[in-house]
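# Structural overview for review
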Amino acid sequence: MRRTSFGPRCLALTGAALLLAAGGTAAPAASAAAEPGPAPLGHVVPAPASVRPGGDPYEITARTVVRVPPGNREAARAGGYLAGLLRPSTGYRLPVVDSGAAGPGIRLVLDDEGAGAALGAEGYRLSVTARSVTISAREGAGLFHGVQTLRQLLPARAESTVRQPGPWTVAGGVVTDAPRYGYRGAMLDVARHFFTVDQVKRYVDQLALYKYNALHLHLSDDQGWRIAVGSWPRLAAYGGSTQVGGGPGGFYSKDDYREIVRHAASRYLTVVPEIDMPGHTNAALASYARLNCDGVARPLYTGTEVGFSSLCVAKQDTYEFAEDVIGELAVLTPGPYLHIGGDEAHSTSPADYAAFMDRVQPVVARHGKTVIGWHQLAGARPAPGALLQYWGYGRTGAAERARVAAAARAGAGLILSPADRAYLDMKYTKDTPLGLQWAGLVEVRQSYDWDPGGYLTDAPASAVAGVEAPLWTETISTSAQLEYMAFPRLAGIAELGWSPPATHDWASYRGRLAAQGPRWDALGIAYYRSPQVPWPHPSPGLRLGGKGRSRP
Ligand code: TNX
């Protein structure tokens with residue numbers, strides 16, 4: 001993975017030798033003098049619900065230990081993750097000891113009674129004094145999110161894979177934090193261009209930094225089928241054999257998919273698999289002649305048009321296919337959701353579309369999952385408890401919006417992904433070398449400055465389950481390109497999903513966002529340096545050891 005363990009040779013280095021090892025030119029004393037002091041408590045993304053600064057800071061030193069409750073796997077995992085993050089850059093041992101919360105150091109505490117219970121499934125409390133940093137939470141997810149806050153309160157060079165000079169100081173005070181929404185997703189379209197397991201895992205690690213909790217994988221589309229299905233082997237073997245532009249494509253074996261699920265779970269993200277139906281199905285129609293109404297297999301497709309393909313709604317084969325695919329995917333997927341697409345079915349009549357959804361949604365339920373569909377599902381009869389993913393924008397027709405709002409009033413949940421705000425594949429400016437612009441140009445402020453609770457007029461705010469930032473990949477085929485489009489906008493959508501509306505403030509946000517820039521540099525993320533954000537000047541003396549810094 002991204003981090004390599006810190007070798008004993010480097011551990012022996014000290015002082016000026018360290019800076020030289022890191023490629024630095026400044027003397028250590030000068031570097032220490034230039035240290036502006038710890039980041040203000042709460043100067044993180046997403047903004048915490050409550051911040052009470054005060055008291056002395058805590059300094060991580062060579063003597064710091066990470067304390068976890070005895071015999072608790074979740075806490076040990078969060079502690080191990082934190083120590084693993086900080087060992088390479090600090091060069092400290094940071095042992096994880098199961099001594100409980102007594103004693104100085106960094107302490108992770110699980111508390112499902114009293115104060116802990118009030119923090120909910122993902123909340124945490126971070127308390128910093130000169131003696132200790134204590135993260136308490138009801139559950140492992142809360143500890144993990146608290147660790148991400150602590151991580152961002154440390155200097156950006158803490159992200160380095162190469163030993164860096166200290167000090168490693170965290171401002172004193174108390175953060176009490178919990179998310180606004182229970183669903184905070186990012187979608188990756190692995191169908192238009194295929195991304196490997198390692199590329200997906202790298203993205204998962206980036207999502208974790210901003211407290212996302214869902215990874216939506218768009219696993220099938222006209223250009224490719226990306227997940228092995230035992231009962232329909234040609235879907236992946238043939239349907240996965242190309243991609244936009246005609247490259248070799250690829251697909252995930254079941255073990256690959258399990259590995260993504262496992263890695264995502266280790267970062268407290270749930271995988272939401274999507275099989276897009278009844279449109280966006282050319283790869284399936286190419287793989288099996290019997291899925292076509294005329295019984296003739298379609299050719300593979302490597303262009304970028306949408307809306308030309310449809311499963312054959314009248315045929316029984318279609319429902320055998322849906323049953324088998326959904327069944328196999330449900331078994332592989334521990335999370336509660338299964339996304340069945342439903343967008344842009346321009347080659348399916350409205351009556352056929354509704355008939356198809358009436359038959360397929362119960363299949364999802366029978367396999368124990370909750371349906372998510374793109375918001376066009378509102379034009380059919382959304383199953384009880386279904387979530388609609390709204391991707392409309394300013395030019396979406398009033399009737400379409402009203403249909404989605406009515407479905408929400410009737411009990412459907414909403415995931416907000418308005419294309420002119422949350423779509424990470426929209427260009428930032430007309431000069432952005434990648435991306436599309438059918439929903440307009442989406443600069444950083446445009447992406448951040450809206451309210452998911454009030455975006456869809458006439459839909460009750462209580463219907464909103466959360467937000468999602470989709471990244472379609474017609475124009476994107478490498479991790480560097482993906483990251484250039486995702487950063488900085490991904491951070492803004494995370495804040496909309498996590499932070500209470502009272503914290504929403506562009507002026508505050510752009511300052512906190514600017515501080516992420518050096519962190520991304522250290523992580524090797526080549527982000528878009530939006531002129532709307534006051535990025536600090538890069539410090540030329542420090543080489544942070546980031547990987548994959550190529551420009552798109
Ligand atoms: C619309 S939004 C699509 C995708 C494209 C995307 C490109 C939605 C549910 N469907 O098929 O990839 O636009 O921006």
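These numbers come from a predicted model, not from an experiment.

This part is about the site of the ligand. Taken together, 13 residues surround the ligand, and among them Arg192, Tyr423, Asp425, Trp438 and Glu474 come closest. Between the ligand and Arg192, the relevant distance is 2.7 Å, taken from an oxygen atom to a side-chain nitrogen or oxygen of the residue. Glu344 is positioned such that a nitrogen or oxygen atom in its side chain is 3.2 Å from an oxygen atom of the ligand. Out of a free accessible area of 360 Å², the ligand has 98% covered by protein chains.

Take the nonpolar core next. By size, the foremost hydrophobic cluster in this structure holds 146 residues, and its most contacted members are Trp225 and Tyr252. The element contributing the most residues to this core is helix α11 (residues 316-332), with eight residues. Setting aside chain neighbours within four positions, we find Tyr252 in contact with Val190, Phe194, Phe195, Thr196, Val197, Val200, Leu219, Arg226, Ile227, Ala228, Tyr257 and Ile260. Within the second largest apolar cluster, ten residues are counted, among which are Trp374, Tyr393, Tyr423 and Ala439.

A word on the environment of Leu119. Within the secondary structure, Leu119 sits in the loop between α5 (114-118) and β6 (124-128). Leu119 sits in the buried class, given a relative accessible area of 11%. Separated by 20 residues in sequence, Leu119 and Glu139 place their C-alpha atoms 9.0 Å apart. Those residues within four positions of Leu119 in sequence are excluded, and the remaining contacts are Tyr124, Arg125, Ser136, Ala137, Thr176, Asp177 and Ala178.

Our next topic: unusual backbone geometry. Residue Pro278 is reached from Met277 by a cis peptide bond, and omega for that bond is -5 degrees. Here Pro278 shows up in the loop between β14 (270-277) and α10 (282-287). Looking along the chain, the bond that leaves Phe487 and enters Pro488 is cis, with omega of 15 degrees. Tracing the backbone through its elements, the reader meets Pro488 in the loop between α16 (479-486) and α17 (489-498). Notably, Leu94 is not glycine yet its phi reads approximately 45 degrees, a positive angle.

Here the focus is the state of the cysteines. This structure, assessed with the given rule, holds one disulfide. Each sulfur in the disulfide pair Cys293 and Cys312 lies 2.0 Å from the other. Its S-S torsion of about 100 degrees marks the bond between Cys293 and Cys312 as right-handed, since a negative value means left-handed. Placement of the pair is Cys293 in the loop between α10 and α11 and Cys312 in the loop between α10 and α11, with a sequence separation of 19 residues. Under the relative-accessibility criterion, Cys312 is labelled buried at 4%.

Let us now look at the pattern of salt bridges. As enumerated under the stated definition, the model contains 22 salt bridges in all. Lys254 is the salt-bridge partner of Glu328, the closest N and O atoms lying 2.5 Å from each other. One end of the pair, Glu328, is in helix α11; the other, Lys254, is in helix α9 (residues 254-266), with 74 residues separating them in the sequence. Across the pair Glu320 and Arg290 runs a salt bridge whose closest N-O atoms are separated by 3.6 Å. A residue pair is termed long-range when its members are at least 10 positions apart, and Glu320 in helix α11 and Arg290 in the loop between α10 and α11 qualify at 30 residues. Take Arg290: its relative accessible area is 38%, and that puts it in the partly exposed class. Ionic contacts of the salt-bridge type, sharing partners, join the residues Asp189, Arg192, Asp221 and Glu474 into one network.

What follows covers the environment of Pro384. Along the polypeptide, Pro384 turns up in the loop between β16 (370-374) and β17 (387-390). Note on Pro384: relative accessible area 83%, which makes it exposed. The spatial distance from the C-alpha of Pro384 to the C-alpha of Gln361 is 9.6 Å, given a sequence separation of 23 residues.

A rise of 1.5 Å per residue sets the reference length of α9, with its 13 residues, at 18 Å; its end C-alpha atoms lie 18 Å apart and thus fit the reference within 8%. Turning to α9, its buried residues are Tyr257, Ile260, Val261, His263, Ala264 and Ser266. Contacts from the buried residues of α9 go to α4 (73-90), α6 (140-153), α7 (197-209), β11 (214-218), β14 and α11. Directly after α9, the chain includes Tyr268, whose backbone phi takes a positive value near 60 degrees.

Moving on to the sheet that holds strand β7 (residues 132-137). If you walk across this open sheet you meet the seven strands as β1-β9-β6-β7-β5-β3-β4, and the pairing is mixed. In the strand order of this sheet, the two ends are held by β1 (50-53) and β4 (96-97), each with one partner. Note that strand β5 (residues 105-110) and β7 share six bridges and pair parallel. Looking at the pairing, Leu108 lines up with Ile135 of β7.

All right, on to the pairing of strand β10 (residues 183-189) then. For a regular strand, side-chain orientation follows a simple rule: the groups alternate between the two sheet faces. The buried fraction of β10 amounts to seven of the seven residues, a majority that puts the element mostly inside the structure. Where β10 and strand β19 (residues 464-471) come together, six bridges link them in parallel fashion. Following the sheet pairing, Arg184 is matched in β19 by Val467. Sheet analysis places β10 next to β11, joined by five bridges and oriented parallel. Within β11, the residue paired with Gly185 across the bridge is Ala214. For the segment spanning β10, α7 and β11, crossover handedness is right-handed.

Cut-off values and rules
Residues numbered from 1 in each chain as written. Predicted model: local features only at pLDDT ≥ 70, side-chain atom pairs only at ≥ 80, totals over all residues. Heavy atoms only, no water. Near = heavy atom within 4 Å. Polar contact = N/O pair within 3.5 Å; in protein donor to acceptor, adjacent residues only side chain to side chain. Areas by Shrake-Rupley, 256 points an atom, 1.4 Å probe, with all protein chains shown as cover. Core = buried A, V, L, I, M, F, W, Y, C linked by side-chain atoms within 4.5 Å. Buried < 20%, exposed > 50% of the residue type's maximum accessible area, 1.4 Å probe, protein only. Helix = DSSP H or I, 4+ residues; strand = E, 2+ residues; numbered from the N terminus. Contact = heavy atoms within 4.5 Å. Disulfide = S-S within 2.5 Å. Salt bridge = Lys/Arg side-chain N within 4 Å of Asp/Glu carboxyl O. Expected span 1.5 Å × (residues − 1). Pairing = 2+ DSSP bridges. Right-handed = clockwise from strand over helix to strand, strands pointing away.

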